[in-house]
Amino acid sequence: MNQNSKTPSSSSRNVTNKLKTNKKRESPPKKRYKLLPGNGCHQAIAEVRAILVPPTEDKKNFSLILPDGVKLDATFKNSRLLWLAYNKPEIQGEHWFRGYPKMKDDRLVSLQIVAWDGNMPTSPTGEELWEFTGVWTLQKNLTVQRSILVEEVRRIAEETGFIKKFKYTFINSADWVKNKKLWVGYVYKVSCRRVGNMLEIKKVIPYACPRIKPSPPSVSRRDK
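Residues numbered from 1 in each chain as written. Predicted model: local features only at pLDDT ≥ 70, side-chain atom pairs only at ≥ 80, totals over all residues. Heavy atoms only, no water.

K.L.:
How should the overall build of the protein be read in this particular structure?
P.N.:
Of regular secondary structure, the protein possesses four helices and ten strands. Shown N-terminal to C-terminal, the secondary structure of the protein runs as helices and strands in the order α-β-β-β-α-β-β-β-β-α-β-α-β-β. For the protein, buried positions account for 33% of its 224 residues. Partitioning the contacts of the protein with sequence separation of at least 6, the portion at a separation of at least 24 is 61%. For the protein, the accessible area works out to roughly 15,300 Å², and carbon and sulfur atoms hold 51% of it. (Helix = DSSP H or I, 4+ residues; strand = E, 2+ residues; numbered from the N terminus. Buried < 20%, exposed > 50% of the residue type's maximum accessible area, 1.4 Å probe, protein only. Contact = heavy atoms within 4.5 Å. Areas by Shrake-Rupley, 256 points an atom, 1.4 Å probe, with all protein chains shown as cover.)

K.L.:
What is the right way to look at the nonpolar core in this model?
P.N.:
What tends to happen in soluble globular proteins is that the nonpolar side chains get buried as a cluster. With 39 residues, the main nonpolar core has L52, F97, I113, F132 and F170 as its most contacted residues. Considering each element in turn, this core owes the most residues, five residues, to strand β1 (residues 43-53). Residues contacting I113, with those up to four places away along its chain left out, are L52, L64, A74, T75, F76, K77, L81, F97, R98 and G99. (Core = buried A, V, L, I, M, F, W, Y, C linked by side-chain atoms within 4.5 Å.)

K.L.:
What is the right way to look at the packing of aromatic side chains in this model?
P.N.:
Aromatic ring pairs: the centre-centre distance and the angle between the two ring planes describe each pair. What the rule picks out here adds up to six aromatic pairs. Between F62 and F76, the aromatic rings sit 5.4 Å apart at their centres with planes inclined by 85 degrees, giving edge-to-face as the arrangement. With F62 in strand β2 (residues 62-65) and F76 in strand β3 (residues 71-76), the pair connects residues that are 14 residues apart, well separated along the chain. Here F62 matches F76 in class, with each residue buried. Considering the side-chain rings of F97 and W116, the 6.4 Å spacing of their centres and the 70 degrees angle between planes classify their relative orientation as edge-to-face. Taken together, the residues span a long stretch of sequence, with F97 in strand β4 (residues 93-104) and W116 in strand β5 (residues 107-116) at a distance of 19 residues. Taking the relative accessible area as the measure of exposure, F97 reaches 0% and is therefore buried. Through successive ring pairs, a cluster of aromatic residues spans F132, W136, Y168 and F170. (Phe/Tyr/Trp six-rings, centres within 6.5 Å; stacked < 30°, edge-to-face > 60°.)

K.L.:
Would you explain the side chain of N39 in this entry?
P.N.:
Note that N39 resides in the loop between α1 (10-26) and β1. Note on N39: relative accessible area 18%, which makes it buried. Of note is the side chain of N39, whose polar atom sits 3.0 Å from the backbone oxygen of R146. In contact with N39, not counting residues within four places along its chain, are Q145, R146, S147 and I148. (Polar contact = N/O pair within 3.5 Å; in protein donor to acceptor, adjacent residues only side chain to side chain.)

K.L.:
I tried to follow the pairing of β5 on my own but got confused; where do I start?
P.N.:
Put simply, side chains in a regular strand alternate between the two faces of the sheet. In the sheet, β3 pairs with β5 via four bridges, with the strands oriented parallel. Within β5, the position partnered with D73 by the bridge is S110. Both β4 and β5 contribute to a ladder of eight bridges, which runs antiparallel. Along β5, the bridge assignment pairs G99 with I113. Following β4, the chain reverses through two residues before pairing antiparallel with β5; D105 in that reversal takes a positive phi of roughly 55 degrees. (Pairing = 2+ DSSP bridges.)

K.L.:
What is the right way to look at the pattern of salt bridges in this model?
P.N.:
A side chain of one charge can pair with a side chain of the opposite charge when the charged atoms of the two come close. Scanning the model with the defined rule gives eight salt bridges in all. Between E159 and R155 there is a salt bridge whose closest N-O contact spans 3.6 Å. Of this pair, E159 and R155 both sit in helix α3 (residues 151-160), four residues apart, which is roughly one turn of that helix. One salt bridge connects E200 with R193, and the closest N-O pair in it is separated by 2.6 Å. (Salt bridge = Lys/Arg side-chain N within 4 Å of Asp/Glu carboxyl O.)

Spelled out as structure tokens, the structure:
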């Protein structure tokens, strides 16, 4: 053996191991986020004919006034659309608007505008469009989660462990649950009708559901 070769002493090894241990303790635990079933296909979209009203002194946001008088806060997907709304007077007034609706306390409260006019309305009958794709939950709402495929969403999820979700409720959901059209944990596309500032289900399309659904707890296998 070469006597000139040096090996780390026991004390230096202990110091190195201690530094590694302290580094592990200082590192925050990795935050985790939960992907809901069907993440990537979730969507909440509306098309409405409305009047866009600019902000006033006592109100900072734009407003949308729908044909029956319901008023929603209007926001915009990006700064360019907001600039156009401020600087192009022809955009203010009555148009068809497409956007992402939001609810609070079971009521529609706002629409984040992504476009106006163009090919709207897409409904062949010229009606408002309210469509949602998401997961039906135990709380009797449809939860729509932002897609992890979007770079910004993925970055925020990695930093915070949180992915933004939006919840939508419907005034007649109990009927659809009773008729076994909505099952907890499954993904559906739900087409709705607006009733004032609330939503009513018109049609439910299974989007990612098993072909054979489980029986309710009150029904045994023998009763099938």
